[in-house]
Amino acid sequence: MNWLIQIVIAIVVLLFGTSPFSPEGAGWVEVSGENYEDIIVSIDAADGFGTSEEGFWMPTAEDIEAAESALSEREPDLDHIRQYAGVIQDGDRKVFINGFCDSFGRDWRTQIITVDDGGSCYFSAMYNADSDELDYFNFNGQG
């Protein structure tokens with residue numbers, strides 16, 4: 001019977017990328033490109049950003065590269081750490097980008113980093129993977 005439980009857990013991990021018994025940060029994927037080395041948060045953790053009412057998806061490295069390209073066209077000099085989350089809004093697959101320069105000692109590779117305000121040290125952006133456009137960009141506290 002123990003083998004049956006192990007098989008069920010293995011199937012859950014294959015389907016969802018994480019075990020129901022995984023520690024915080026499990027299923028998060030490091031991603032890097034020419035000017036960034038950041039993290040894609042797991043589908044389970046993505047709701048921590050409060051950006052989707054329709055669901056979540058797991059972006060690929062290619063999706064992040066496209067999002068970064070669109071972001072650098074808009075804001076070429078950003079030097080922030082980034083967390084990416086795949087969200088579904090209005091039926092479109094989008095990549096929420098959470099940028100920050102200070103994680104307050106928290107492990108940004110395993111924990112969602114959110115702050116109220118914070119000015120230019122913190123930003124958020126939304127890249128639409130289906131239309132290949134940056135839907136919005138905003139430094140925190142700037143409306």
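Along each chain, residues carry numbers from 1 onward, in the same order as the chain's sequence is written. With the structure being a predicted model, the display of local features is reserved for residues of pLDDT at least 70 and the display and counting of side-chain atom pairs for 80 or more, all residues being used for whole-chain, interface and lining totals. Where side-chain values are given, they derive from all heavy atoms of the structure, hydrogens and water being excluded.

A few points about the confidence of the model for the protein chain
In low-pLDDT segments, the atomic positions of the prediction should not be examined closely.
In step 1: Across the protein chain, the average pLDDT comes to 83, with 81% of residues at or above 70.
In step 2: For the stretch residues 2-6, pLDDT sits under 50, and the model shows 0 contacts to residues farther than four places along the chain or on other chains.
In step 3: A residue's pLDDT is the predictor's confidence in that residue, given on a scale from 0 to 100. Only heavy atoms matter for contacts: two residues are in contact if any of them lie within 4.5 Å across the pair. Here residues 12-23 is modelled with pLDDT under 50, and outside its nearest four sequence neighbours on either side it reaches 10 contacts, counting other chains as well.

Some words on the environment of Trp57
In step 1: Strands are runs of DSSP state E lasting at least 2 residues, helices are runs of H or I lasting at least 4, and numbering of each runs from the N terminus. Along the polypeptide, Trp57 turns up in strand β3 (residues 56-57).
In step 2: Only protein chains enter the accessibility calculation, which uses a 1.4 Å probe; a residue is then buried when its area is under 20% of its type maximum, exposed when over 50%, and partly exposed in between. Residue Trp57 is classed as buried on the basis of its relative accessible area of 11%.
In step 3: When sequence neighbours within four positions are dropped, the list of residues in contact with Trp57 reads Ile43, Asp63, Gly86, Val87, Ile88, Arg93, Lys94, Val95 and Ala129.
In step 4: Two N or O atoms count as a polar contact when they lie within 3.5 Å, although within protein this holds only if one can serve as hydrogen donor and the other as acceptor, and sequence-adjacent residues are included solely when both atoms are side-chain atoms. Among the polar contacts listed, one links the side chain of Trp57 to the backbone oxygen of Val87, at a separation of 3.1 Å.

Concerning the pairing of strand β2 (residues 36-40)
Consecutive residues of a regular strand have side chains that alternate between opposite faces of the sheet.
In step 1: With respect to burial, β2 is a largely interior element, 4 of its 5 residues being buried.
In step 2: Think of it this way: DSSP has to see at least two bridges between two strands before they count as a pair. Here 5 bridges tie strand β1 (residues 29-33) to β2, and the two strands are oriented antiparallel to one another. Bridge pairing links Gly33 to Tyr36 in β2.
In step 3: In sequence, β1 turns back onto β2 through a hairpin of 2 residues.

Remarks on unusual backbone geometry
In step 1: Phi angles above zero are rare outside glycine, and Phe104 is one such case at about 55 degrees.
In step 2: Its place among the elements puts Phe104 in the loop between β5 (92-100) and β6 (122-128).
In step 3: One non-glycine residue with positive phi stands out, namely Asp132, at about 55 degrees.
In step 4: Within the secondary structure, Asp132 sits in the loop between β6 and β7 (133-139).

Structural notes on the packing of aromatic side chains
In step 1: To pair, rings of Phe, Tyr and Trp, with the six-membered ring standing in for Trp, must have centres within 6.5 Å; the planes then decide the type, stacked if under 30 degrees apart, edge-to-face if over 60, and tilted in the middle. On inspection of all chains with the given rule, the structure shows 6 aromatic pairs.
In step 2: Considering the side-chain rings of Phe104 and Tyr122, the 6.2 Å spacing of their centres and the 10 degrees angle between planes classify their relative orientation as stacked. Taken together, the residues Phe104 in the loop between β5 and β6 and Tyr122 in strand β6 connect sequence positions 18 residues apart.
In step 3: Among the aromatic residues, ring-to-ring pairing joins Phe123, Phe137 and Phe139 into one connected group.
In step 4: Geometrically, a charge over a ring is one whose NZ (Lys) or CZ (Arg) sits within 6 Å of the ring centre while staying within 35 degrees of the ring normal. Between Arg93 and the ring centre of Trp57, over which it is positioned, the NZ or CZ distance is 4.6 Å.

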